[in-house]
Amino acid sequence: MPDVDGFDEFYRGSRQRLLGVVYVLTGNLAEAQDAVQEAYIRAWQRWSTVGGYDDPEAWVRVVASRIAVSRWRSLRSRARAYLRHGAEESIPAPGTDTVEVVAALRRLPEEQRTAIALYYLLGMPVAEVARQTEAPVGTVKARLSRGRAALAGLLAVVDLEEAADA
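In this report, we go over the structure that sits alongside the text. The model shown is predicted, which means the values in this text are computed figures rather than measured ones.

Thresholds, definitions, all that
Residues numbered from 1 in each chain as written. Predicted model: local features only at pLDDT ≥ 70, side-chain atom pairs only at ≥ 80, totals over all residues. Heavy atoms only, no water. Axes fitted to C-alpha atoms, helices over the stretch in contact; angles between N-to-C directions. Helix = DSSP H or I, 4+ residues; strand = E, 2+ residues; numbered from the N terminus. Left-handed = near helix turned anticlockwise from the far one by under 90°. Contact = heavy atoms within 4.5 Å. Nonpolar A, V, L, I, M, F, W, Y, C, P; charged D, E, K, R; others polar. Buried < 20%, exposed > 50% of the residue type's maximum accessible area, 1.4 Å probe, protein only. Patch = residues over 30% accessible without salt bridge, like charges linked within 9 Å, V, L, I, M, F, W, Y side chains within 5 Å. Areas by Shrake-Rupley, 256 points an atom, 1.4 Å probe, with all protein chains shown as cover. Salt bridge = Lys/Arg side-chain N within 4 Å of Asp/Glu carboxyl O. Phe/Tyr/Trp six-rings, centres within 6.5 Å; stacked < 30°, edge-to-face > 60°. Polar contact = N/O pair within 3.5 Å; in protein donor to acceptor, adjacent residues only side chain to side chain. Parallel < 35°, antiparallel > 145°, perpendicular 65-115°, else oblique.

### A short note on the packing of helix α1 (residues 4-26) against helix α4 (residues 56-85)
And then number 1: Running from N to C, α1 and α4 cross one another at 35°; their axes reach a closest spacing of 10 Å. You can see that α1 and α4 cross each other, and the crossing is right-handed. Here Phe10, Ser14, Arg17, Leu18, Val21, Val22, Leu25 and Thr26 of α1 lie close against α4, whose contacting residues are Pro56, Glu57, Val60, Arg61, Ala64, Ser65 and Ala68.
And then number 2: Per-class residue counts for the contact of α1 with α4 are nine nonpolar, three polar and three charged.

Following this line, the structure appears as structure tokens:
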């Protein structure tokens, strides 16, 4: 078991200095706090070794600095990749058909909605849907049939309402 009192004393005596140094390196207080916290976690995990060093604060300072620099390099690499490849293509908003189908699905009972999602969206066989929902195969088939019929009715109502508005 690590020397808890020794580590606590070390932490209280060095935390402000280390945070100040890493803050100067990063220019960002939140980044500095994250790096220093991570360094102290690593020191705690190795405290039986680190605590025996002549200057454990130097070890934590080096680790915190490396963590901060590593994060900076990671951000720089992402920025370069962004410049090279451009922004990720945004996902288009769902079409009105999708919104209508989702709204109709929400009006179905949960068991029917789940069966339809597993069968049609994930492409599971009926037997797998039955296993996943812990229902007999015949029950799953009935839920799928009733769910399709209910969806057809709900989507037809939506279409009739749109025609009346036009």
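Moving on, there is more to tell.
### Overview of the environment of Tyr23
And then number 1: Among the structural elements, Tyr23 can be located in helix α1.
And then number 2: Residues Tyr23 and Val36, spaced 13 residues apart in sequence, show a C-alpha to C-alpha distance of 9.3 Å.
And then number 3: For Tyr23, the contacting residues outside a window of four places in its chain are Asn28, Leu29 and Ala32.

### Focus: unusual backbone geometry
And then number 1: The residue Glu134 is not glycine, and still its phi comes out positive at about 55°.
And then number 2: Residue position: Glu134 is located in the loop between α7 (126-133) and α8 (137-165).
And then number 3: Given the relative accessible area of 75%, Glu134 is considered exposed.

### A look at the side chain of Gln112
And then number 1: Mapping Gln112 onto the fold places it in helix α6 (residues 110-121).
And then number 2: Taking the relative accessible area as the measure of exposure, Gln112 reaches 12% and is therefore buried.

### Notes on a nonpolar patch on the surface
And then number 1: Together, Tyr120, Leu121 and Leu122 make up an exposed nonpolar region whose accessible area comes to about 370 Å².
And then number 2: Summarising the element assignment, Leu122 is placed in the loop between α6 and α7.

### Quick notes on the packing of aromatic side chains
The geometry of two aromatic rings is summed up by the distance between their centres and the angle between their planes.
And then number 1: Overall, the coordinates contain eight aromatic pairs when judged by the stated rule.
And then number 2: Arranged with centres 5.1 Å apart and planes meeting at 85°, the rings of Phe7 and Trp47 form a pair that is edge-to-face. Of this pair, Phe7 sits in helix α1 while Trp47 sits in helix α3 (residues 47-50), and the two are 40 residues apart along the sequence. Accessibility assignment for this pair places Phe7 and Trp47 in one class, buried.
And then number 3: What links up through ring pairs into an aromatic cluster is the set Phe7, Phe10, Tyr11, Tyr40, Trp44 and Trp47.

### Some points on the side chain of Ser14
And then number 1: On the secondary structure map, Ser14 appears in helix α1.
And then number 2: A polar atom in the side chain of Ser14 sits 2.7 Å from the backbone oxygen of Phe10.
And then number 3: A distance of 2.6 Å separates a polar atom in the side chain of Ser14 from a polar atom in the side chain of Tyr40.
And then number 4: Setting aside its immediate chain neighbours within four residues, Ser14 contacts Tyr40 and Glu57.

### As for the packing of helix α2 (residues 29-45) against α4
The angle between the axes and the distance between the axes are what describe a pair of packed helices.
And then number 1: As a packed pair, α2 and α4 sit with axes 8 Å apart at the nearest point and diverge in direction by 130°. Accordingly, the angle class assigned to the pair α2 and α4 is oblique. At the point where α2 passes α4, the crossing takes the right-handed sense. Across the interface between the two elements, Glu31, Asp34, Ala35, Val36, Glu38, Ala39, Tyr40, Arg42 and Ala43 from α2 touch Trp59, Val60, Val63, Ala64, Ile67, Ala68 and Arg71 from α4.
And then number 2: Residue classes in the contact of α2 with α4 are distributed as eleven nonpolar, no polar and five charged.

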